[in-house]
Structure formats: structure tokens, C-alpha cells
Amino acid sequence: QVQLVESGGGLVQAGDSLRLSCVASGRAFSAYAMAWFRQAPGKEREFVAAVTWSGSSTDYADSVKGRFTISRGATKNTMYLQMNSLKPEDTAVYYCATRYGTTWQRVTADGMEYWGKGTLITVSS
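Residues numbered from 1 in each chain as written. Predicted model: local features only at pLDDT ≥ 70, side-chain atom pairs only at ≥ 80, totals over all residues. Heavy atoms only, no water.

**Q** Could you clarify how one ought to interpret the overall build of the chain in this entry?
**A** When helices and strands are tallied, the chain shows 0 helices and 11 strands. Shown N-terminal to C-terminal, the secondary structure of the chain runs as helices and strands in the order β-β-β-β-β-β-β-β-β-β-β. For the chain, whose C-alpha radius of gyration is 13 Å, the value lies close to the compact-globule estimate of 14 Å for 125 residues. Projected onto its principal axes, the C-alpha positions of the chain cover 40 × 25 × 25 Å. Residues counted as buried form 43% of the 125 residues belonging to the chain. For the chain, the exposed area adds up to about 6500 Å²; of that, 47% sits on carbon and sulfur atoms. Averaging the coordinates of the 13 positive side-chain charges in the chain and doing the same for the 10 negative ones gives two points 6 Å apart. (Helix = DSSP H or I, 4+ residues; strand = E, 2+ residues; numbered from the N terminus. Rg over C-alpha atoms; globule rule 2.2 N^0.38 Å. Buried < 20%, exposed > 50% of the residue type's maximum accessible area, 1.4 Å probe, protein only. Areas by Shrake-Rupley, 256 points an atom, 1.4 Å probe, with all protein chains shown as cover. Lys, Arg positive; Asp, Glu negative; His and termini not counted. Charge placed at Lys NZ, Arg CZ, Asp CG, Glu CD.)

Quick look at the structure:
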């Protein structure tokens, strides 16, 4: 089993920046790609960004490309999402997720194996 815990959400104004963190733990957390998904009220959970186990490859949804940066910590069990130029449409619960594999191929939420409980980000206009 893998446990994921997100932190860093909150209420911000449009144009502000915020950084999310996700810490993974478990008996054998190795060779897992990690990703962020988000779910706005009344909408399906959608992909935001992902990073491979090594941290050398990243993937972004078009809606956040150029504004968000995903990265992994040196210990590999931590992941960050730096969010700049936030917009009201970024308002959502943000979830950390992971799936086994050293590479990354974009999948829907159903394709991820483990999930955190989520952290709420509200961007006011």
C-alpha cells in the first residue's frame, strides 16, 4: 500500500502563486510516476500534470502549461506543484496520485493506483 498526503491548498486571489506538496509513504515506494489531478464542483476529475520516477520527464495539461511546474524532491517520495498566475478556473480540489512505472503515459483518473485525500484551492477574481 502507498499513502499520499497533500498540503499547501488555500484561498488566493487571481494572479497569485501557490505551491502544493505531496508526500508518499509505504513499504516499497519505488519506481512510481506521480501526478496531480483536480476536480472542480460538478465536473469530472481531470489530469493536471505528471512527473516520472526519475523526475526527468514531465507532462502538463494544456490549461496549465506555462503556468504550473511539477517536480520531485531529491528523495523521490515527495512531489511539488508550483502554480503561478492562478485563475478562478483553477479553483478545485487537487489530488496527488501515483501509479507504478518508471515512465509516464497520460491516463485518466481511473488509470491511477493510489490517491491522496485532496487539498482545496480557491482562486477569487
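And the narrative resumes.
**Q** How do you make sense of the state of the cysteines when you look at a structure like this?
**A** Disulfides are covalent bonds that link the sulfur atoms of two cysteine residues. Enumeration over the complete set of coordinates arrives at 1 disulfide. One disulfide bridge connects Cys22 with Cys96, the sulfur atoms lying 2.0 Å from each other. Classification of the bridge connecting Cys22 and Cys96 rests on its S-S torsion, roughly -70 degrees, and on that basis the disulfide is left-handed. One end of the pair, Cys22, is in strand β3 (residues 18-26); the other, Cys96, is in strand β9 (residues 92-100), and 74 residues separate them in sequence. Judged by relative accessible area, which is 0%, Cys22 ranks as buried. (Disulfide = S-S within 2.5 Å.)

**Q** Sorry if this is basic, but what is going on with the pattern of salt bridges here?
**A** Between side chains of opposite charge, pairing is possible as soon as their charged atoms come close. Evaluation of the coordinates by the stated rule reveals 5 salt bridges. For Asp90, the salt bridge identified is with Arg38, shortest N-O distance 2.9 Å. Residue Asp90 is found in the loop between β8 (78-83) and β9, and its partner Arg38 is found in strand β4 (residues 32-39); the two are separated by 52 residues along the sequence. Neither residue differs from the other here; Asp90 and Arg38 are each classed as buried. (Salt bridge = Lys/Arg side-chain N within 4 Å of Asp/Glu carboxyl O.)

**Q** Honestly, unusual backbone geometry in this entry has me stumped. Any pointers?
**A** Both trends apply: most residues other than glycine have a negative phi, and most peptide bonds are in trans. Unusually for a residue other than glycine, Lys76 sits at a positive phi of about 70 degrees. Relative to the helices and strands, Lys76 resides in the loop between β7 (68-72) and β8. If you check the backbone angles, Ser85 has positive phi at about 50 degrees while not being a glycine. The topology assignment puts Ser85 in the loop between β8 and β9.

**Q** Sorry, what's going on with the nonpolar core here?
**A** Across soluble globular proteins, nonpolar side chains show a tendency to be buried alongside one another. With 38 residues, the main nonpolar core has Met34, Trp36, Leu81, Met83 and Tyr94 as its most contacted residues. Among the elements of the structure, β1 (2-7), β3, β4, β5 (46-51), β7, β8, β9 and β11 (119-124) are those that each provide at least two residues to this core. The dominant element in this core, judged by the number of residues it contributes, is β4, at 6 residues. (Core = buried A, V, L, I, M, F, W, Y, C linked by side-chain atoms within 4.5 Å.)

**Q** I'm lost on the side chain of Thr78 in this one. Help?
**A** Inspection of the secondary structure assignment puts Thr78 in strand β8. Thr78 gets classed as buried once you look at its relative accessible area, which sits at 13%. In this view, Thr78 contacts Cys22, Val23, Ser71, Arg72 and Gly73; residues no more than four positions away in its chain are not counted. (Contact = heavy atoms within 4.5 Å.)

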